[in-house]
Amino acid sequence: MIRKTLIFILLTLFIGFVALHTGIFWDNTTFVSAMGNFLYENGIMAWGNIPAATDPGHPPFIATLMAASWKLFGRSLLVSHLVLLPFVFGILWQSWDLCCFYFKKKSDAVAAFVLMIADATLLSQMTLVTTEVPLMFFFMLALNGMLRDSGWRKATGLAFLGIVSLRGMMLCGGLFLVDLFVNRVFIKWKAYLLGCLPAVVFIVWRLTCKGWIISNPESTWGDATGYGSIAGFFTNFSWNVAVIGQRFTDFGRIVLLLFVTFVLFFRGGWKNKKYRNMFVVATGSTSVVWGISLFIVNPIGHRYFTVSYMLIALLAVAMLREYVHRHIVYVVMFVALAAGNFIVYPDKMSQGWDASLAHLNYWGVRRDMIEYIDKRGIDIADVATFFPNNGEIDGVDLNGDHRQWADFTGKEKYVFYSNVFNLPDEDIDLIHRNYRMVKQFGKMGVRTELYENKKLP
């Protein structure tokens, strides 16, 4: 126990050390910066007063946690990362516990654990200040409680999972469906009744106070069901099917998925009860998430299915034990997952930058560009940039620098561009047509570039 605890503490500290230079990224500029700053300045529990423009409808769990921590220890990126380290430790601990449930032989459990945490999206999320970290911990706690028939762990995990985010509530629903299929029990409902109470209370409060849950017409991300027509619905549905498929195969996961699919459907693996149940747990846990995702128009993130990626890795290791050359196949799968962190797509191909460790290369070249802009004496207000770097510098760095970038219209004197921004093709073409590059910083395929308008003096 002591050795295991020490190993996980060291792993947690290593992840924390790697993560310390990362800023607030992607949707967390809303969940952490915008909402967290509001609660920090106006009262930690002032949930009902969060401005509609920055209110995504989710429980403000991470914002409340950050605001409370900033009140106690000071508002900074360092504090924000440190607050999440206990959840990182919890993910590692619960992941090991899950491996030990499925694999009685220690060497098999270690192999499963390594492949499980090697997933690029899991590693990426653990290096960011994000809701995903507590969400994954509470999910794993609830899952272990379900599999080990531990009512208190299941109820505790479900209760917090349901208040972390709306997707956490969906994961609760997925776990319930898995429980019914795997254990075929209809009477052990107390844990679910207790576990769903926080989510029910929030939804009732939310509808009473705000009158809406998911679609906020005042927000920049629009209506989640804004298809426009029946044809638009089917087009969107088909696109979402393709996107979800890409999420499960991206960043090296295609190797694991092909192996699992081959064993299940071409080598009779589906007849094996253990494999069948593990597959149901892996895919069924996120069934409500991908079921709802198919019908919305909002982007579908890689992180939505992180727990499924982890569980598919466990299934792959379980299947390997029946093959003579299992060590070679294992190494191929591990290398594929590790190599996924080095993938950088062309500029006009959208990439999940918060879904692999490739984003770690962005933060240094971003700081280099800001320092260059300051040394040139360029006013930040004259420099256009894009999500997730737009707004105030403080929204990313939590450093009290409230200078604000300009919004891009194509008429600004300068443009701060990075391939991390996933811009529409037309914006990239406009920049290249009307601007000339004056400075570039790069690291392992990740770039930041400063452009100057050709038409302005």
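Our structure's up above, just so we're on the same page.
Note that the structure is predicted; figures quoted are calculated from it, not measured. (Residues numbered from 1 in each chain as written. Predicted model: local features only at pLDDT ≥ 70, side-chain atom pairs only at ≥ 80, totals over all residues. Heavy atoms only, no water.)

K.L.:
Can you break down the nonpolar core residue by residue, with the values?
P.N.:
With 105 residues, the main nonpolar core has Leu98, Phe139, Leu143 and Leu314 as its most contacted residues. With sequence-adjacent residues up to four places away left out, Leu98 is seen in contact with Met116, Met140, Leu143, Asn144, Leu147, Leu311 and Leu314. (Core = buried A, V, L, I, M, F, W, Y, C linked by side-chain atoms within 4.5 Å. Buried < 20%, exposed > 50% of the residue type's maximum accessible area, 1.4 Å probe, protein only. Contact = heavy atoms within 4.5 Å.)

K.L.:
I'd like to hear about the pattern of salt bridges, residue by residue, with values.
P.N.:
One pass over the full model with this rule turns up 18 salt bridges. In this structure, Asp97 and Arg153 form a salt bridge, with 2.8 Å as the shortest nitrogen-oxygen distance. Of the two residues, Asp97 is situated in helix α4 (residues 77–102) and Arg153 in helix α8 (residues 151–164); the sequence distance between them amounts to 56 residues. Here Asp97 falls in the buried class, since its relative accessible area comes to 16%. A relative accessible area of 14% places Arg153 in the buried class. Put simply, Asp179 and Lys154 hold a salt bridge, and the shortest N to O gap is 3.1 Å. Taken together, the residues span a long stretch of sequence, with Asp179 in helix α9 (residues 166–183) and Lys154 in helix α8 at a distance of 25 residues. Each member of the pair Asp179 and Lys154 is classed as buried. Because the salt bridges share partners, they merge into one network encompassing Asp27, Glu132, Arg167, Arg303 and Asp354. (Salt bridge = Lys/Arg side-chain N within 4 Å of Asp/Glu carboxyl O. Helix = DSSP H or I, 4+ residues; strand = E, 2+ residues; numbered from the N terminus.)

K.L.:
Which residues make up the sheet that holds strand β1 (residues 383–385), and what are the values?
P.N.:
Sheet architecture is open: five strands sit in the order β2-β1-β3-β5-β4, paired in mixed fashion. At either margin of the open sheet sits one strand with a lone partner, and together these are β2 (406–407) and β4 (435–443). Examined bridge by bridge, β4 and strand β5 (residues 446–453) share eight bridges and lie antiparallel to one another. Within β5, the position partnered with Arg436 by the bridge is Glu452. (Pairing = 2+ DSSP bridges.)

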